[in-house]
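Summary of the model geometry
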Amino acid sequence: MKTFVVLSDSHGRMNVAEKFRALFAENDYIVHLGDGSTDMRPAFGEYPEKTYLCRGNCDFSYGEDELTIQTEGVSVFCCHGHKYGVKGGLSCLAARAKEQGCEIALYGHTHIAAAEEVDGVLCINPGAAGAFSGGSYCYLVLHNGKATHTIVPIK
């Protein structure tokens, strides 16, 4: 079993590394899907082997455009989502994930937490970690080829 803390769109409005310090320590993967990837520098410095950062449309130099994580018999595609037009639908994102051999696509950009299966791909948006009110992240568990996700409100 492998566990993930998935964040996106922190936009510098919160001290992500400090607020999530205990969660980062106890989970196997830390994923930030962009627009605030530099907010994760402390976590990357402390946990470089398990921290994955994507670059969003508001990030200029920190993170990857997209990446794939393979564990527990599942392949997970990660990106910010803006290059796949996620505000207008998820079909392009799902197609790219399938092209990469992935069953799950993690994306941000919309600031709206959501989980939807599109053409056999589970597309998950953790919401905005840096929302002015509320906000959310995703807790994802992969085990023996299966995925369980929970959208968690940030208090």
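One structure accompanies this document, and this report is about it. (Residues numbered from 1 in each chain as written. Predicted model: local features only at pLDDT ≥ 70, side-chain atom pairs only at ≥ 80, totals over all residues. Heavy atoms only, no water.)

Attention now goes to the overall build of the protein. The number of helices and strands found in the protein is 4 helices and 10 strands. Reading the protein from its N end, one meets helices and strands in the order β-α-α-β-α-β-β-β-α-β-β-β-β-β. For the protein, whose C-alpha radius of gyration is 14 Å, the value lies close to the compact-globule estimate of 15 Å for 155 residues. The buried share among the 155 residues of the protein stands at 52%. Taking all contacts inside the protein whose residues are at least 6 apart in sequence as the whole, residues at least 24 apart take part in 50%. For the protein, the separation between the mean place of its 13 positive charges and that of its 18 negative charges on side chains is 3 Å. (Helix = DSSP H or I, 4+ residues; strand = E, 2+ residues; numbered from the N terminus. Rg over C-alpha atoms; globule rule 2.2 N^0.38 Å. Buried < 20%, exposed > 50% of the residue type's maximum accessible area, 1.4 Å probe, protein only. Contact = heavy atoms within 4.5 Å. Lys, Arg positive; Asp, Glu negative; His and termini not counted. Charge placed at Lys NZ, Arg CZ, Asp CG, Glu CD.)

Let's shift gears to the pattern of salt bridges. Applying the stated criterion across every chain, the model contains 6 salt bridges. The partner of K83 in a salt bridge is D65, with the nearest N and O atoms 3.5 Å apart. Remark: D65 occurs in the loop between strand 3 (51-53) and strand 4 (66-71) and K83 occurs in the loop between strand 5 (74-79) and helix 4 (91-99); sequence separation between them is 18 residues. On the accessibility criterion, K83 (54% relative accessible area) is exposed. If you follow the salt bridges from partner to partner, you end up with R55, D65 and K83 in one network. (Salt bridge = Lys/Arg side-chain N within 4 Å of Asp/Glu carboxyl O.)

In this section: the pairing of strand 5. Taken residue by residue, a regular strand's side chains alternate between the two faces of the sheet. For strand 5, the buried fraction is high: 6 of the 6 residues fall into the buried class. The alternating pattern of strand 5 places V74, V76 and C78 and S75, F77 and C79 on opposite faces, both of which are buried. The pairing of strand 4 with strand 5 spans 6 bridges and is classified as antiparallel. The partner of Q70 across the bridge, within strand 5, is S75. (Pairing = 2+ DSSP bridges.)

All right, on to the sheet that holds strand 6 (residues 104-106) then. Here we have 5 strands laid out as an open sheet, ordered 4-5-6-8-7, and mixed in their pairing. The open sheet has two edge strands, strand 4 and strand 7 (114-118), and neither has a second partner. Neighbouring strand axes in the sheet, compared pairwise and without regard to direction, differ in orientation by 20° on average. Both strand 7 and strand 8 (residues 121-125) contribute to a ladder of 5 bridges, which runs antiparallel. In the strand pairing of strand 8, E117 is matched with L122. Set on the sheet, helix 4 makes contact with strand 4, strand 5, strand 6, strand 7 and strand 8; between it and strand 8 the angle comes to about 120°. (Axes fitted to C-alpha atoms, helices over the stretch in contact; angles between N-to-C directions.)

Moving on, we come to the packing of aromatic side chains. For the structure on display, the rule yields 6 aromatic pairs. Ring centres of F44 and Y62 lie 6.5 Å apart, and the angle between their planes is 85°; this geometry places the pair in the edge-to-face category. Of this pair, F44 sits in helix 3 (residues 41-46) while Y62 sits in the loop between strand 3 and strand 4; the two residues are 18 residues apart in sequence, bridging distant segments of the chain. Looking at F44, the relative accessible area reads 34%, which means it is partly exposed. When the centroid spacing of 6.1 Å and the interplanar angle of 75° are considered together, the rings of F77 and Y84 count as edge-to-face. Cluster of aromatic residues (ring-pair linked, three or more members): F4, Y29 and Y52. The ring of Y62 carries R41 above its face, with NZ or CZ at 4.5 Å from the centroid. In this arrangement the basic side chain of K50 is found over the ring face of Y47, its NZ or CZ atom lying 4.5 Å from the centre. (Phe/Tyr/Trp six-rings, centres within 6.5 Å; stacked < 30°, edge-to-face > 60°. Lys NZ or Arg CZ within 6 Å of the ring centre and 35° of its normal.)

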